[in-house]
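Residue-level structural notes
Here are the chains, one letter per residue:
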Amino acid sequence: MYATTYHRPSSVDEAAALFTKGSEAKYLAGGHTLIPVMKQRLASPSDVIDLGKIKDLIGLEVSADTVTIKTATTHHDVAASGPVQRAIPALAHLASMIGDPAVRYRGTIGGSIANNDPAADYPAAVLALGATIRTNKRSIAADDFFKGLFSTALADGEIITQVAFPIPAKAGYSKFPHPASRFALTGVFVVKTKSGDVRVAATGASQNGVMRIAAIEAALKANWSPGALDSVTIPDKGLMSDIHGSSDYRANLIKVMAQRAVAAAG
Ligand SMILES: Cc1cc2nc3c(=O)[nH]c(=O)nc-3n(C[C@H](O)[C@H](O)[C@H](O)COP(=O)(O)OP(=O)(O)OC[C@H]3O[C@@H](n4cnc5c(N)ncnc54)[C@H](O)[C@@H]3O)c2cc1C
């Protein structure tokens, strides 16, 4: 690990100002991605700006229509929240399946979606639920946020402040976890919105990161049941192939995980 200067700002404005001053600054949230990357010397930020102690960035609120999670809220706090469990049980379930307890006690929703790992869980929920990502500069719709592997619409120095999830009529999440890391070999989040629309997103499968699955959305719109997907075939074009699973295997996993997610959603 190279030498760096650690900062602990107490407000978002202070954090943004520190970022501008640093020659190659990086924000730190739970550190579960950034610190290992620094230890491996794959990143050497001049300044590390810790967002995890900014009170305005921690906590969550549930209203009649929306679950709003502030960026530095940990996976554990989302999984353990009674209001989230009642409003969007699939979201609390997803958070409860991330990594292991050590990861869940440190990792944050903002760090997860800013990093946009192609096998991370939260991007599937953000995309399928049609969430809005709020930053210190603007609001970004989920459909416009994820831009490919480890890439998002965030500008240099822009800070995610919170993620607002519309509460759906039904939602479910199912993932086939990698047995060591628990990252998704493939995970599928299915949503029926209150207006009857269906949105489905898969993580861990595509070479371009999280993606919507139009064929499954169409089948579930016609008939919201696991059986509606029996005749759906997912092409393996553009899916990842690695030592953990071929693209063909992942194509099948998308369908099977979607069926399980619909069954879980009820
Ligand atoms: C062993 C292990 C197992 C894991 N298993 C899973 C799993 O099963 N599923 C899963 O989804 N994830 C998994 N993770 C990832 C983990 O969930 C973390 O959430 C993720 O690494 C990033 O979140 P963080 O808070 O640690 O971010 P950090 O590592 O602190 O930051 C990550 C990146 O996001 C940027 N960033 C952070 N916050 C903001 C913000 N508010 N605005 C703008 N940029 C920001 C940082 O600058 C950095 O570039 C695992 C990690 C480990 C180490």
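Computed from a prediction, not measured in an experiment: that's the story for all the values here.

**What to know about the pattern of salt bridges**
With the rule as written, the count across this model stands at nine salt bridges. Where Asp 143 meets Arg 212, a salt bridge forms, and the shortest distance between an N and an O atom there is 3.5 Å. Of this pair, Asp 143 sits in helix H9 (residues 142–145) while Arg 212 sits in strand E14 (residues 211–212), and the two are 69 residues apart along the sequence. A salt bridge links Lys 221 to Asp 197, with the nearest nitrogen and oxygen atoms 3.4 Å apart. You can see Lys 221 sitting in helix H10 (residues 214–222) and its partner Asp 197 sitting in the loop between strand E12 (184–192) and strand E13 (198–203), a full 24 residues away along the chain. The class for Lys 221 is exposed, based on a relative accessible area of 54%. One salt-bridge network, held together by shared partners, links Asp 143, Arg 199, Arg 212 and Glu 217.

**Structural notes on the layout of surface pockets**
Taken as a whole, the largest pocket spans an internal volume of roughly 1,300 Å³. Forming the boundary of the largest pocket are 49 residues, of which Thr 33, Leu 34, Gly 111, Ala 114 and Asn 115 lie nearest the centre. Put simply, the parts of the chain that give the lining of the largest pocket at least two residues each are strand E2 (25–28), helix H2 (34–39), helix H7 (109–115) and strand E9 (151–152). Ranked by residues supplied to the lining of the largest pocket, first place goes to H7 with five residues.

**Regarding the site of the ligand**
Taken together, 30 residues surround the ligand, and among them Tyr 27, Ala 29, Thr 33, Thr 108 and Asp 121 come closest. Within the side chain of Asp 121, a nitrogen or oxygen atom sits 2.7 Å from a nitrogen atom of the ligand. The separation between a nitrogen atom of the ligand and a polar main-chain atom of Ile 160 is 2.9 Å. For the ligand, whose unbound accessible area comes to 960 Å², protein coverage reaches 89%. Assessed atom by atom at 2 Å from the grid points, the ligand resides in the largest pocket. Counting only elements with at least two residues in the shell around the ligand, the list comes to E2 and H7. Of all the elements, H7 adds the most residues to the shell around the ligand, at four residues.

Definitions and cut-offs
Going along each chain's sequence as written, the residues are numbered from 1 onward. For this predicted model, a pLDDT threshold of at least 70 governs which residues receive local features, and a threshold of 80 or more governs which side-chain atom pairs are given and counted, while totals over whole chains, interfaces and linings are taken from all residues. With hydrogens and water excluded, all non-hydrogen atoms of the structure serve as input to the side-chain values. Salt bridge, as used here, is a side-chain nitrogen of Lys or Arg placed within 4 Å of a carboxyl oxygen of Asp or Glu. Only DSSP runs of H or I with at least four residues qualify as helices, and only runs of E with at least two residues qualify as strands; both kinds are numbered from the N terminus onward. Note on exposure labels: buried denotes an accessible area under 20% of the residue type's maximum, exposed denotes more than 50%, and partly exposed covers the range between, all computed with a 1.4 Å probe on protein chains only. Throughout, the protein atoms alone are placed on a 1 Å grid, and a set of points is a cavity if a 1.4 Å probe fits but cannot get out or a pocket if it is open with protein on both sides within 12 Å along at least five of seven lines; lining residues have an atom within 4 Å of a point. Grid points are joined across faces, edges and corners, and a volume is the space filled by probe spheres set on the points. Note on definitions. A residue lies near a molecule or strand when any single heavy atom of the residue is within 4 Å of it. A 3.5 Å cut-off defines polar contacts: any pair of N or O atoms within that distance qualifies, except that in protein one atom must be a possible hydrogen donor and the other a possible acceptor, and neighbouring residues in sequence count only when both atoms are side-chain atoms. Surface accessibility in these figures is a Shrake-Rupley result with a 1.4 Å probe; residues are shielded only by whichever protein chains are displayed. For a cavity or pocket, the test is whether more than half of a molecule's atoms lie within 2 Å of its grid points; if they do, the molecule sits there.

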